[in-house]
Amino acid sequence: MYLVRRHRRFWAYHDVPPKLRPIMGAARLIENLQTDDERTARKRANMLWLHDWSRKLERAKNGSPEREASDAEFYRGLLLRAESEEEKGLILERIEDEASSRFHDALGRAGYQDERDVPPGADVPGVEEAERFFKLATGQLVPTLDHVDEWLGTLSNEAKTKDMKRSTVLKFSETFPYLQDVNRKDVQRWFNKRVSDEGLTTKTLKRVLSELRSYWTFLRSLELVPDEGSPFDKLSLAGKKSEDRKPFEPSDVVRLLRSAEAKGDKTLADAISLGMWTGARIESLCKLRLEDVKSSFIRIEDDKTDAGTRDVPIHSKLNSIMRRLIADSRDGFVLSGLSANKYGDRSDALGKRFGRLKTELGFGEAYVFHSFRKTVTTILENAGVAENVAADIVGHEKPRITYGLYSGGTSLEVKREAIEKLSYPLSDVT
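Residues numbered from 1 in each chain as written. Predicted model: local features only at pLDDT ≥ 70, side-chain atom pairs only at ≥ 80, totals over all residues. Heavy atoms only, no water.

## Topic: the overall build of the protein
For the record, the criterion: Each helix is a run of DSSP H or I of at least 4 residues and each strand a run of E of at least 2, with the numbering of both proceeding from the N terminus. Throughout, radius of gyration means the C-alpha value; the globule benchmark is 2.2 Å times the number of residues raised to the power 0.38. Relative accessibility thresholds used throughout: buried, under 20% of the residue-type maximum; exposed, over 50%; partly exposed, between the two (1.4 Å probe, protein chains only). Note on definitions: a residue-residue contact is assigned when non-hydrogen atoms from the two residues lie within 4.5 Å. Per-residue and other accessible areas follow the Shrake-Rupley method at a 1.4 Å probe size, with only the shown protein chains counted as cover for residues. A positive count includes Lys and Arg, and a negative count includes Asp and Glu. His and the chain ends are not counted in either. In plain terms, the charge of a residue is placed at NZ if it is Lys, CZ if Arg, CG if Asp and CD if Glu.
Assigned secondary structure in the protein consists of 18 helices and five strands. The globule rule puts the C-alpha radius of gyration for 430 residues at 22 Å, and the 33 Å found for the protein is more than 25% above it. For the protein, with 430 residues in total, the buried portion stands at 40%. The contacts of the protein with a sequence gap of at least 6 include a subset with a gap of at least 24, amounting to 61%. Of the roughly 24400 Å² that the protein leaves accessible, carbon and sulfur atoms contribute 47%. Seen as two clouds, the 73 positive and the 71 negative side-chain charges of the protein have centres 3 Å apart.

Written out as structure tokens, the structure is:
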């Protein structure tokens, strides 16, 4: 880049490399720096190069001559980082020139020489995009995703839950790229379309709505959206009816166990055995360590609720299996050899294997590994076990306020007597 003084003003020049001239449509870049002071001219020329010309040349070099929507975000970032009013003014001039260029290019493509030639109400392709470019570049439009990381950083959720919430907002932003696009009528249509296209259940719709409301509340705290009203209020969420989870019949539990054994999937068979004799969740079983197994009971900690931390007696039918698992462990876990996913969840792959197994045996969506908990609870109920005792075994909140608030919990002896009532037709099912 070099400076040339013409008519008492400095101009910036840069010769475009010959290979890029057909792409750029010019042999030279020229800009009036609007000053007769050489020091000011050099400063403005440097800004011009850093903030504009180098970017255009790089895009042309990479074979992407089209002006990208991200240009607006680039200029918006420059405005936010401007260190002086003079620098901000120069950047605004570049934004105005770029927006004007886009606007007149759109008119030219439509066959108009001037905006006065456009008939009233005519839709000129590209004009609206030029206007949105200017609004985004100057900060009048805020990208929906701009503050997602900041919002997630304020939450105490686990990484997996945060990723789910990020995914929700990302999906939403595909239809509503800017906060100014969000309105209640179109949000309702967005939910309706997700039901028709993806078959989302009402439960899932409510979760998505809750996550979006949380993000909107955070944006409101930053004064990025209006204080009054919300586009997420008074929506109708009529999703697909979800099928309630069902318990396995005791004979079906044995079928699943024998099928896993027949496939040679010893770890899955052991997980089923643990589930059918304890009623514990698969994730709780997969994170059981050897030190959690005592002489006559299993200590389950850090489950989904406070009541989930509990001692579960080892059923007499589970004793030999537990001793083998402890003896064979190579990594300190009861279910040894499982790999954790990126969230530290060791049950992910095992759960998928169980899903394939139960599907092969003809069980539908209402049957999952969690169904073993329902089976255990059902057997205990039919055996006359008190509800508060069953709750202490499977890790549910106590059903009544007296036991829930004041009781120290069911004794191991009482729970052992109850859990021994679990029974399956192990010798009858093949």
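There's plenty left to go through after this.
## Considering the packing of aromatic side chains
Keep this limit in mind: We call Phe, Tyr and Trp rings a pair once their centres come within 6.5 Å, taking the six-membered ring for Trp, and we label the pair stacked below 30 degrees between planes, edge-to-face above 60, and tilted otherwise. In this scheme, the term charge over a ring applies when either NZ of a lysine or CZ of an arginine sits within 6 Å of the ring centre and within 35 degrees of the ring normal.
Within the structure shown, the criterion is met by 17 aromatic pairs. Linked through ring pairs, Phe172, Phe176, Trp190, Phe191, Trp216 and Phe232 together constitute an aromatic cluster. A cation over an aromatic ring shows up here: Arg346 above the ring of Phe333, its NZ or CZ 3.7 Å from the ring centre.

## Digging into the pattern of salt bridges
For the record, the criterion: Put simply, a salt bridge is a Lys or Arg side-chain nitrogen that is within 4 Å of an Asp or Glu carboxyl oxygen.
Under the counting rule described, the total for this entry stands at 28 salt bridges. In this structure, the salt-bridge partner of Asp15 is Arg28, at a minimum N-O distance of 3.0 Å. Taken together, the residues Asp15 in strand S2 (residues 9-15) and Arg28 in strand S3 (residues 28-32) connect sequence positions 13 residues apart. On the basis of relative accessibility, which here comes to 37%, the residue Asp15 falls in the partly exposed class. Of the residues examined, Arg28 reaches a relative accessible area of 42% and is grouped as partly exposed. With a shortest N-O distance of 3.6 Å, Arg189 and Asp186 are connected by a salt bridge.

## Quick look at the sheet that holds strand S1 (residues 2-6)
The cut-off we apply is this: One bridge is not enough; two strands pair if DSSP finds at least two bridges between them. Here the axes come from fitting lines to C-alpha atoms, over the contacting stretch only for helices, and the angles between their N-to-C directions go from 0 to 180 degrees.
Spatially, S1-S2-S3 is the arrangement adopted by the three strands of the open sheet, whose pairing is antiparallel. Looking at which strands have only one partner, the edges of the open sheet turn out to be S1 and S3. The mean angle between the axes of side-by-side strands here comes to 30°, regardless of whether they run parallel or antiparallel.

## Describing the packing of helix H7 (residues 159-175) against helix H8 (residues 184-198)
Our working definition: For classification purposes, an angle smaller than 35 degrees is called roughly parallel, one larger than 145 roughly antiparallel, one from 65 to 115 roughly perpendicular, and anything else oblique.
Between H7 and H8, the least distance of the axes is 11 Å, while the angle of their chain directions is 110°. Of the possible angle classes, the one that applies to H7 and H8 is roughly perpendicular. Residues Lys171, Phe172 and Thr175 of H7 lie in contact with H8, whose contacting residues are Val187, Trp190, Arg194 and Glu198.

## Some words on a negative patch on the surface
Threshold: The patches reported here contain residues having more than 30% relative accessible area and no salt bridge. Joining distances are 9 Å for like charges and 5 Å for nonpolar side chains (Val, Leu, Ile, Met, Phe, Trp, Tyr).
A surface patch of like charges, here negative, comprises Asp123, Glu128, Glu129 and Glu131. By secondary structure assignment, the location of Asp123 is in the loop between helix H4 (85-109) and helix H5 (127-137).

## Looking at the pairing of S3
On S3, burial follows the alternation: Leu29 and Glu31 on one face are buried, whereas Arg28, Ile30 and Asn32 on the facing-out side are not. When S2 meets S3, the two strands line up antiparallel, connected through five bridges. Within S3, the position partnered with Tyr13 by the bridge is Ile30.

## Considering the confidence of the model for the protein
Applied cut-off: Predictor confidence is given residue by residue as pLDDT, running from a minimum of 0 to a maximum of 100.
Residue-level pLDDT values for the protein average 87, and 91% of them are 70 or greater. Counting contacts from residues 401-408, a segment whose pLDDT is below 50, to residues more than four positions away or on other chains yields six contacts.

## Description of empty space enclosed by the protein
Basically, it comes down to this: The distinction between a cavity and a pocket rests on a 1 Å grid over the protein atoms alone: a 1.4 Å probe fits inside a cavity but cannot get out, while a pocket stays open yet meets protein on both sides within 12 Å along at least five of seven lines, and a residue with an atom within 4 Å of a point counts as lining. Grid points are joined across faces, edges and corners, and a volume is the space filled by probe spheres set on the points. Each residue is assigned to one class: nonpolar for Ala, Val, Leu, Ile, Met, Phe, Trp, Tyr, Cys and Pro, charged for Asp, Glu, Lys and Arg, and polar for all the others, Gly among them.
One pass over the full model with this rule turns up one cavity of 30 Å³ or more. Each pocket or cavity is described by its volume, and for the largest cavity that value is around 40 Å³. Lining the largest cavity we find Thr144, Val169, Phe172, Leu179, Leu212, Tyr215, Trp216, Leu219 and Phe232. In terms of residue count, helix H9 (residues 202-221) provides more of the lining of the largest cavity than any other element does, four residues in total. A breakdown of the residues in the lining of the largest cavity according to their chemical character gives eight nonpolar, one polar and no charged.

## A short note on the environment of Ala159
Note on placement: Ala159 falls in helix H7. According to the relative accessible area criterion, Ala159 is partly exposed, its value standing at 47%. Taking the C-alpha atoms as reference points, Ala159 and Glu228, 69 residues apart in sequence, are found 32 Å from one another.

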